[in-house]
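# Commentary on secondary and tertiary structure
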Amino acid sequence: MLITDDDNASRNTVAALLSPLGYLVRFAANGEEALAAVEQETPDLVLLDVMMPGMSGFEVCRRVRERLGGDYVPVILITALDGRSDIVRGLEAGADDFLHKPVHGAELRARVSNLLKVRDYHRLVASERDRALATVDELRQQVLRADRLATLGTFAAGVSHELNNIAQVLRGALEAPTTTPEEMLNVRDILVHVGGHVTELARTILNISRPNKESGVGELDLSRTLDEVRNMLRLTGRTRHALVDLVVPQQACLIRANKVHAQQVFLNLLSNAADAVADRREPRIEIGVRAMPGDRVEAWVQDNGPGMPQEVLARIFEPFFTTKPVGSGTGLGLPVVKQLVESWGGTIQVQSQPGSGTRMVLDIPALTPSTPGAPS
């Protein structure tokens, strides 16, 4: 308990009335001492005399509330005033209760006991809130991991196909007759090319499956990210059937984001576009990024697929909703994309009509010299 009163006798009286309950009591003789005591150690309850020289109890109460912020500490004002306007002033300053002088022992103990129960309830609510937030964050991480595993699994068939092609090239090179130096050099060139392809393929799979903790939030050039993702999907065979145009400006388009999360966003969007144009006669996809007015960056993925009807368009960001066959989609891709883009302070819009393809547009805050965390 922090008892604040400029009168020593009054402080001792309140302390004596509370001592049977075993409370630990600290004293302050004025407002400045009270604020210093709160700063040093947060009390469980504050008893404040209203009429003190210098800083009044009303002002002390207001400052205590400002300093403690969201940490709830009950404040009881002890006063000889009994006007309605004084009570209103005390409530506006943040007081929880009032006691009139001379203080009655049983009333004081009852009010203190009740307010401490309220204090315990606030602590319980804060603890449950923190626990709930931690659970939500863990579930969010689980969804992100599940989506990345699903993406990796989708690429498994493509990787297997690529490895089979590489094996056939290797077998052909090794079985071919090499009777001249030129033929030997030709086989060597083939083996070097295949080795480089296998190395790049392995690096791509590692990038896709890399845990989030290996890449923190920082400066990210979206132009480079789009190029990396396009290469990833080409190497794993996901976009071999389509013409993928990359539209990027000469200057960097910087945002503040986790590199792996950014790759995850565009892997999802470009994979969906690749699936959408799989049956088109001239499949085409455009991915791009550009700087926009107002320190914004716009990125997009556009395909010439069949488009989506309104009933599908209205549900694409629902978790587990998918139009793909059983075993081909989890329904987590676009919900994760939306969550990640919004975590960057951005938005995602979908423009699609049956027969007119689909365009996904991301609007994201640009990282500029004035942005917190941006390089100066």
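The preceding data block contains the structure.
Residues numbered from 1 in each chain as written. Predicted model: local features only at pLDDT ≥ 70, side-chain atom pairs only at ≥ 80, totals over all residues. Heavy atoms only, no water.

Turning our eyes to something else, we now look at the pairing of strand β3 (residues 46–49). By the alternation rule, side chains of β3 split into V46 and L48 and L47 and D49, which are all buried. Where strand β1 (residues 2–4) lies against β3, three bridges are found, and the strand directions are parallel. Bridged to L2 within β3 is V46. Bridge analysis of β3 against strand β4 (residues 75–79) gives four bridges, and the strand direction is parallel. Looking at β4, one finds that L48 is bridged to L77. Read from β3 through helix α3 (residues 57–68) to β4, the crossover connection turns out right-handed. (Buried < 20%, exposed > 50% of the residue type's maximum accessible area, 1.4 Å probe, protein only. Helix = DSSP H or I, 4+ residues; strand = E, 2+ residues; numbered from the N terminus. Pairing = 2+ DSSP bridges. Right-handed = clockwise from strand over helix to strand, strands pointing away.)

Turning to helix α8 (residues 259–276), a few remarks are in order. For α8, built from 18 residues, the straight-helix expectation of 26 Å at 1.5 Å per residue is met to within 8% by its first-to-last C-alpha distance of 26 Å. Burial analysis of α8 places 14 of its 18 residues in the buried class, which makes it a mostly covered element. Measuring from the side-chain oxygen of the N-cap residue of α8 to the backbone nitrogen of H261 gives 3.0 Å; that N-cap residue is N258. (Expected span 1.5 Å × (residues − 1). Polar contact = N/O pair within 3.5 Å; in protein donor to acceptor, adjacent residues only side chain to side chain.)

Attention now goes to the packing of helix α2 (residues 31–40) against α3. The interhelical angle for the contact between α2 and α3, taken along N-to-C directions, is 20°, at an axis separation of 10 Å. Here α2 is positioned roughly parallel relative to α3, judged by the angle of their axes. Seen along the crossing, α2 lies across α3 with a hand that is right-handed. Here G31, A34, L35, V38 and E39 of α2 lie close against α3, whose contacting residues are V60, R63, V64, R67 and L68. A per-class count over the contact of α2 with α3 returns six nonpolar, one polar and three charged. (Axes fitted to C-alpha atoms, helices over the stretch in contact; angles between N-to-C directions. Parallel < 35°, antiparallel > 145°, perpendicular 65-115°, else oblique. Left-handed = near helix turned anticlockwise from the far one by under 90°. Contact = heavy atoms within 4.5 Å. Nonpolar A, V, L, I, M, F, W, Y, C, P; charged D, E, K, R; others polar.)

Any link to function would need more than the numbers given here.
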